[in-house]
Amino acid sequence: GSFAEVTLRVFRGDKDGGAPADYSVPLVPGMVVLDALHWIQAHQAPDLAVRWNCKAGKCGSCSAEVNGRPRLTCKTRMDSLPLDQPIDIFPMKSFPVIKDLVTDVSWNFKVNRKIPPFQPRPGVAWKMDQRDVDRIQEFRKCIECFLCQNICHVLRDHDKQEQFGGPRFFVRTASLEMHPLDGASRARLLKDELGIGLCNITKCCTEVCPEDIHITDNAIIPLKERVVDEFYDPLLMLVRKIRSA
Ligand code: SF4
Ligand code: F3S
Ligand code: FES
């Protein structure tokens, strides 16, 4: 059916708590959730805090939970939602609320700083196969929306922020580890500091990624294999011992 108005049930509050408030918004063809939030700001609640920048699915700023699902609000069309009932708009659950829909995602930048950047191997020709370019190009599409971090149960339900880096940073580490010209090893970092062993391959991260990065299959599983090879494979450990003797 067609609807002239829709109710948005938007969380209002801060780190000390809050409650959802209902706003009635006139529907416009092609409208996305972020448009509706802007309409509320313009007409009903000028103090509603919403983070956004590009409105084109590319800056990763407008992440929130729409009807309980992590989404970019600028890429979520109103006509894809059940409009005969209120639409819940909540801030990302895994990060502390600053105000309304705006969360403090700075923990992610702390994790990022633990990862050693690209370190060119000395003496190799600066030449890459197209295959190798394609493999890491996928990881470079990440827009740092942190929706994968938000949905991963290790962070969302078990609060392992101290022990676990999260899927976004497995993606970044994969882009470096799979770079044929890079000479650093991040296997120990993955095992000890980013806690890759805590990921039990639920694939929820992959499901929510707006860039369709195959986070679990293409980044996490190959990195887990690397950690196993490096630390737990007895034959390889022996070979390495003999080689370094
Ligand atoms: Fe967002 Fe995907 Fe990057 Fe995670 S990997 S931060 S879901 S773009
Ligand atoms: Fe979490 Fe993704 Fe692993 S959701 S458990 S990082 S597969
Ligand atoms: Fe930039 Fe939504 S506003 S991704």
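Everything below is about the structure shown above.
What counts and how
- Residues numbered from 1 in each chain as written.
- Chains lettered and ligands numbered in written order.
- Predicted model: local features only at pLDDT ≥ 70, side-chain atom pairs only at ≥ 80, totals over all residues.
- Heavy atoms only, no water.
- Helix = DSSP H or I, 4+ residues; strand = E, 2+ residues; numbered from the N terminus.
- Buried < 20%, exposed > 50% of the residue type's maximum accessible area, 1.4 Å probe, protein only.
- Contact = heavy atoms within 4.5 Å.
- Pairing = 2+ DSSP bridges.
- Near = heavy atom within 4 Å.
- Nonpolar A, V, L, I, M, F, W, Y, C, P; charged D, E, K, R; others polar.
- Core = buried A, V, L, I, M, F, W, Y, C linked by side-chain atoms within 4.5 Å.
- Patch = residues over 30% accessible without salt bridge, like charges linked within 9 Å, V, L, I, M, F, W, Y side chains within 5 Å.
- Areas by Shrake-Rupley, 256 points an atom, 1.4 Å probe, with all protein chains shown as cover.
- Salt bridge = Lys/Arg side-chain N within 4 Å of Asp/Glu carboxyl O.
- Expected span 1.5 Å × (residues − 1).

Right, let's get into the overall build of the protein. A count of helical and extended segments in the protein gives 10 helices and seven strands. Taken along the three principal axes of its C-alpha coordinates, the protein extends 75 × 40 × 30 Å. For the protein, with 245 residues in total, the buried portion stands at 45%. Partitioning the intrachain contacts of the protein with sequence separation of at least 6 by distance along the chain shows that 63% fall at a separation of at least 24.

This next bit is on the pairing of strand β4 (residues 69–72). Only one face of β4 is covered, namely the face carrying Pro70 and Leu72; the face carrying Arg69 and Arg71 is uncovered. Between strand β3 (residues 63–66) and β4, which pair antiparallel one after the other, the connecting turn spans two residues, and Asn67 there sits at a positive phi close to 50°.

Let's shift gears to the site of ligand 2. The local shell around ligand 2 consists of Cys152, His153, Pro167, Cys199, Asn200, Ile201, Thr202, Lys203, Cys204, Cys205, Thr216 and Ile220. Mapped onto the shell around ligand 2, the elements with two or more residues apiece are α8 (204–208) and α9 (215–231). Considering only residue class, the shell around ligand 2 consists of seven nonpolar, four polar and one charged.

Every residue close to ligand 1 is listed here: Cys142, Ile143, Glu144, Cys145, Phe146, Cys148, Arg168, Cys209, Pro210 and Ile215. Looking at the shell around ligand 1 residue by residue, the classes come out as eight nonpolar, no polar and two charged.

This brings us to the nonpolar core. With 65 residues, the main nonpolar core has Leu8, Val10, Leu37, Ile40, Met78 and Ile89 as its most contacted residues. Among the elements that take part in this core, α9 stands out by supplying six residues, more than any other. Sequence-distant contacts of Val10, that is, excluding residues within four places in its chain, are made with Ala19, Pro20, Ala21, Tyr23, Leu37, Ile40, Leu48, Ile89 and Leu101.

A few words on a nonpolar patch on the surface. Residues Leu235, Leu236, Leu238, Val239 and Ile242 make up a contiguous nonpolar surface patch of roughly 450 Å² in combined accessible area. Within the fold, Leu235 resides in helix α10 (residues 234–244).

Let's shift gears to α9. Over its 17 residues, α9 extends 23 Å from the first C-alpha to the last, a length consistent with the 24 Å expected when each residue adds 1.5 Å. By the burial criterion, the buried members of α9 are Ile215, Thr216, Ala219, Ile220, Leu223, Lys224, Val227 and Phe231. Those residues of α9 that are buried lie in contact with α3 (130–140), α4 (147–151), α6 (167–177), α7 (187–193), α8 and α10.

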